[in-house]
Amino acid sequence: MVDAATLEKLEAGYKKLAASDSKSLLKKYLTQEVFDALKTKKTSFGSTLLDCIQSGLENHDSGVGIYAPDAEAYSVFADLFDPIIEDYHKGFKKTDKHPPKNWGDVETLSDVDPTNEYVVSTRVRCGRSMEGYPFNPCLTEAQYAEMQDKVSSTLSGLEGELKGTYYPLKGMTKEVQQKLIDDHFLFKEGDRFLQAANACRFWPTGRGIFHNDAKTFLVWCNEEDHLRLISMQMGGNLKEVFARLVNAVNDIEKRVPFSHHDRLGFLTFCPTNLGTTVRASVHIKLPKLAANLAKLEEVAGKYNLQVRGTRGEHTEAEGGVYDISNKRRMGLTEYEAVKEMHDGIKELIKIEKEM
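Residues numbered from 1 in each chain as written. Predicted model: local features only at pLDDT ≥ 70, side-chain atom pairs only at ≥ 80, totals over all residues. Heavy atoms only, no water.

## Looking at the overall build of the chain
- Counting its regular elements, the chain contains 13 helices and ten strands.
- Taking 2.2 N^0.38 as the reference for a compact globule, 355 residues should give roughly 20 Å; the C-alpha atoms of the chain span a radius of gyration of 20 Å, in line with that estimate.
- Expressed along its principal axes, the backbone C-alpha trace of the chain runs to roughly 60 × 45 × 40 Å.
- Taking all 355 residues of the chain together, the buried fraction comes to 55%.
- Taking contacts inside the chain between residues at least 6 apart in sequence as the whole, the part at least 24 apart equals 72%.
- With an accessible surface of roughly 15400 Å², the chain has 51% of that area assigned to carbon and sulfur atoms. (Helix = DSSP H or I, 4+ residues; strand = E, 2+ residues; numbered from the N terminus. Rg over C-alpha atoms; globule rule 2.2 N^0.38 Å. Buried < 20%, exposed > 50% of the residue type's maximum accessible area, 1.4 Å probe, protein only. Contact = heavy atoms within 4.5 Å. Areas by Shrake-Rupley, 256 points an atom, 1.4 Å probe, with all protein chains shown as cover.)

## So, the UniProt feature "domain: Phosphagen kinase N-terminal" (unreviewed entry) in the chain
- The positions that UniProt labels "domain: Phosphagen kinase N-terminal" (unreviewed entry) are, in the present scheme, residues 6-90.
- Within the segment residues 6-90, helix and strand shares are 60% and 0% respectively, and the terminal C-alpha atoms sit 33 Å apart. (UniProt positions renumbered as here; feature names shortened; annotations may be inferred.)

## Comments concerning the nonpolar core
- Judged by nonpolar contacts, the single largest core of 55 residues is most densely connected at Ile324 and Ile345.
- In this structure, Cys52, Phe92, Leu169 and Leu218 belong to the second largest nonpolar core, which totals 51 residues. (Core = buried A, V, L, I, M, F, W, Y, C linked by side-chain atoms within 4.5 Å.)

## Some remarks on the pairing of strand E9 (residues 305-308)
- Side-chain alternation along E9 places Leu305 and Val307 on one buried face and Gln306 and Arg308 on a second face that is also buried.
- By the bridge criterion, four bridges tie E9 to strand E10 (residues 321-326) in an arrangement that is antiparallel. Of the residues in E10, the one forming a bridge with Leu305 is Asn326. (Pairing = 2+ DSSP bridges.)

## Thoughts on the packing of helix H1 (residues 4-19) against helix H4 (residues 49-58)
- It is the contact of H1 with H4, at a shortest axis distance of 10 Å, that shows an interaxial angle of 35 degrees. By crossing handedness, the relation of H1 to H4 is classed as left-handed. Touching Thr6, Lys9, Leu10, Gly13, Tyr14 and Leu17 of H1 are Leu49, Leu50, Ile53, Gly56 and Leu57, all from H4. (Axes fitted to C-alpha atoms, helices over the stretch in contact; angles between N-to-C directions. Left-handed = near helix turned anticlockwise from the far one by under 90°.)

## Quick look at helix H6 (residues 78-88)
- Turning to H6, its buried residues are Ala78, Leu80, Phe81, Asp82, Ile84, Ile85 and Tyr88.
- Along its buried surface, H6 packs onto helix H2 (25-29), helix H3 (32-38), H4, helix H5 (73-76) and E9.
- Lys90 sits one or two residues past H6 and shows a positive phi near 50 degrees.

## Regarding unusual backbone geometry
- Between Trp203 and the following residue, Pro204, the backbone shows a cis peptide bond with an omega angle of 0 degrees.
- Backbone geometry places Asn222, a non-glycine residue, at a positive phi of 60 degrees.
- Within the element layout of this structure, Asn222 appears in the loop between strand E4 (217-221) and strand E5 (227-234).
- A residue is classified by how much of its surface remains accessible, and Asn222, at 0% relative accessible area, is buried.

## Remarks on the sheet that holds strand E3 (residues 208-212)
- Judged by pairing direction, the sheet is antiparallel, and its eight strands sit side by side in the order E2-E3-E4-E5-E1-E8-E10-E9 without closing on themselves. Unpaired on one side and paired on the other, strand E2 (164-168) and E9 mark the two borders of the sheet. Averaged over all adjacent pairs, the angle separating strand axes in this sheet is 20 degrees, with direction ignored.
- As paired strands, E3 and E4 are joined by four bridges and run antiparallel to one another.

Here it is as structure tokens:
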């Protein structure tokens, strides 16, 4: 049973949210009826509704406002997660099932900007959770350390182009820290949305960064998700970037079992990242289109692309450089998600050239 103090926090937070002018998906779908049905439920990891929604209760300017404290939360609190997932992932209904993993034929992708006029850099990343562990809010300090040991020993087995070094955040020297900051590899403690979701406890225990020698493949350990695998390079050669990620994920998967849900695909902390969990993005300059940001967003929206500031969500565009990525991650395969970005970016460049 959920304790009285948690219930009291839930009731107070819910009243404030209901009375607010929040535009979050949490506010939209957390009706009194859903709230009453879920407020006393718990997962076997001990997670409550408060663990799921505390970030959205605290930050009324959230776009989504909900996180999964563990893999089971998606089932136990399905009455709230399902409609939010359907809304965010554009119609992934309660009855829909995410297709099996399929990386497709990498050879059918290309360099989206062969003349190097528009695309500064290309990146494809995916999130993974290690089976048998809850997500951030429920992890103990010992579990963080144990997971890092597993991850670093797994990554030390990578060979060829992927061979590299793991750097734990705890006890990191100033020199290594500065080097990783200069390369834009170092992640900081979470923003207020993650802090409020209790995703940053015991920082920096169990957190770390791996990168290959060429600095084109990165793994973040226990930042927002257990693992973030990132392939990237300068220019627009999406084919090369995607191929590298596919090789890495397939290799790591042989050694570390990942949390997977029959209906929702790969499970992660944030419901916006479920399914393929794949985000393919470019840093791109489109000065003519971007002169009217609403127009750029409208055109990008037609191709299911999301326009963000240079450093991602909640940031500004620096020097006219935007981060544009695929928005859909569910109900389509990994290949289809990346192909959407590939085709959409080519189309945006074509429009920019014609302006």
